[in-house]
Amino acid sequence: MNDTRGLLTAINDLNASWKDVLGNEFNKPYMKNLFSFLLSEIDKDKTIYPPISNWFEALKRTSFNDVIVVILGQDPYHGEGQAHGLSFSVKPEIAIPASLRNIFKELVEDTKVSEPSHGCLTSWSEQGILLLNTIFTVEKSLPSSHKNKGWEIFTNKIIEELSSRKKNLVFILWGKDAQKKTTFIDSSKHLILRAPHPSPLSSYRGFFGCKHFSLTEKYIYDNCKKKINWNISYKTD
């Protein structure tokens with residue numbers, strides 16, 4: 001019962017603009033089946049990341065109306081204390097994961113900002129950068145354990161609505177899973193940036209040197225007259 005209440009609270013805490021856009025999505029059969037699966041896993045004493053209160057953190061931190069950039073991840077970090085609902089981000093006190101270290105390496109090389117001292121990306125999300133994972137949850141120590149449970153349908157809907165209702169967004173797609181979402185994006189209205197995933201296994205195949213940060217910065221300024229501050233050292237929560 002407490003888990004169900006926590007889930008309802010997490011949904012109710014969504015930014016109001018997302019509730020308007022997503023409409024009845026939470027009452028559709030696939031979403032009910034997904035929530036039933038997740039709550040049953042918790043009832044079996046399985047550890048799910050992030051905590052329920054953070055499942056929809058990306059949609060709480062960044063309103064639909066404010067989105068100018070989407071950075072699409074896969075599923076959350078599966079280590080203890082890492083995931084908090086924003087793609088690639090960890091809380092300030094958590095060691096920076098390898099993929100995020102590679103992101104920072106490219107960021108510093110591309111934009112010449114100071115090297116971040118922590119891995120919390122909330123300052124990006126609060127500038128209209130939607131840090132969206134394709135899958136919102138994962139079982140502890142089991143990457144991709146919640147694949148094909150329903151989250152992908154939900155994130156397809158999010159991307160479709162962003163693409164159709166807005167213009168001049170930047171979609172940053174790192175890795176093959178993220179790039180599968182290209183089909184839901186109107187490339188005549190938006191900039192799509194693709195590169196290998198920043199994981200140590202693939203980052204040297206073209207992630208380094210992709211210059212996605214400077215390309216995004218230029219496109220957003222040219223089309224929206226907005227400046228992005230990539231320096232995250234000033235914000236920690």
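Residues numbered from 1 in each chain as written. Predicted model: local features only at pLDDT ≥ 70, side-chain atom pairs only at ≥ 80, totals over all residues. Heavy atoms only, no water.

## Some points on the pairing of strand β5 (residues 170-174)
Alright, step 1. With five of five residues buried, β5 is to be regarded as a mostly interior element.
Alright, step 2. Going residue by residue along β5, you find Val170, Ile172 and Trp174 tucked away on one face and Phe171 and Leu173 tucked away on the opposite face as well.
Alright, step 3. One ladder, built from four bridges, connects strand β2 (residues 69-73) with β5; its direction is parallel. Bridge pairing links valine 69 to valine 170 in β5. (Buried < 20%, exposed > 50% of the residue type's maximum accessible area, 1.4 Å probe, protein only. Helix = DSSP H or I, 4+ residues; strand = E, 2+ residues; numbered from the N terminus. Pairing = 2+ DSSP bridges.)

## Examining the environment of lysine 227
Alright, step 1. Along the polypeptide, lysine 227 turns up in the segment after α9 (212-224).
Alright, step 2. Taking the C-alpha atoms as reference, lysine 227 lies 15 Å from valine 70; in sequence the two are 157 residues apart.
Alright, step 3. If we skip the residues at most four places from it in the chain, lysine 227 touches Gln127 and Tyr221. (Contact = heavy atoms within 4.5 Å.)

## Section: the packing of helix α5 (residues 98-111) against α9
Alright, step 1. It is the contact of α5 with α9, at a shortest axis distance of 8 Å, that shows an interaxial angle of 55 degrees. Between α5 and α9, the angle falls in the class oblique. Contact residues: Ile103, Glu106, Leu107, Asp110 and Thr111 in α5; His212, Phe213, Ser214 and Glu217 in α9.
Alright, step 2. Here the contact of α5 with α9 is built from residues that sort into three nonpolar, three polar and three charged. (Axes fitted to C-alpha atoms, helices over the stretch in contact; angles between N-to-C directions. Parallel < 35°, antiparallel > 145°, perpendicular 65-115°, else oblique. Nonpolar A, V, L, I, M, F, W, Y, C, P; charged D, E, K, R; others polar.)

## Examining the pairing of strand β3 (residues 129-133)
Alright, step 1. In terms of burial, β3 is a largely internal element, five of the five residues being buried.
Alright, step 2. Of the two faces of β3, both are covered, the one formed by Ile129, Leu131 and Asn133 as well as the one formed by Leu130 and Leu132.
Alright, step 3. With five bridges connecting them, β2 and β3 associate as parallel partners. When the bridges of β3 are listed, valine 69 appears paired with isoleucine 129.

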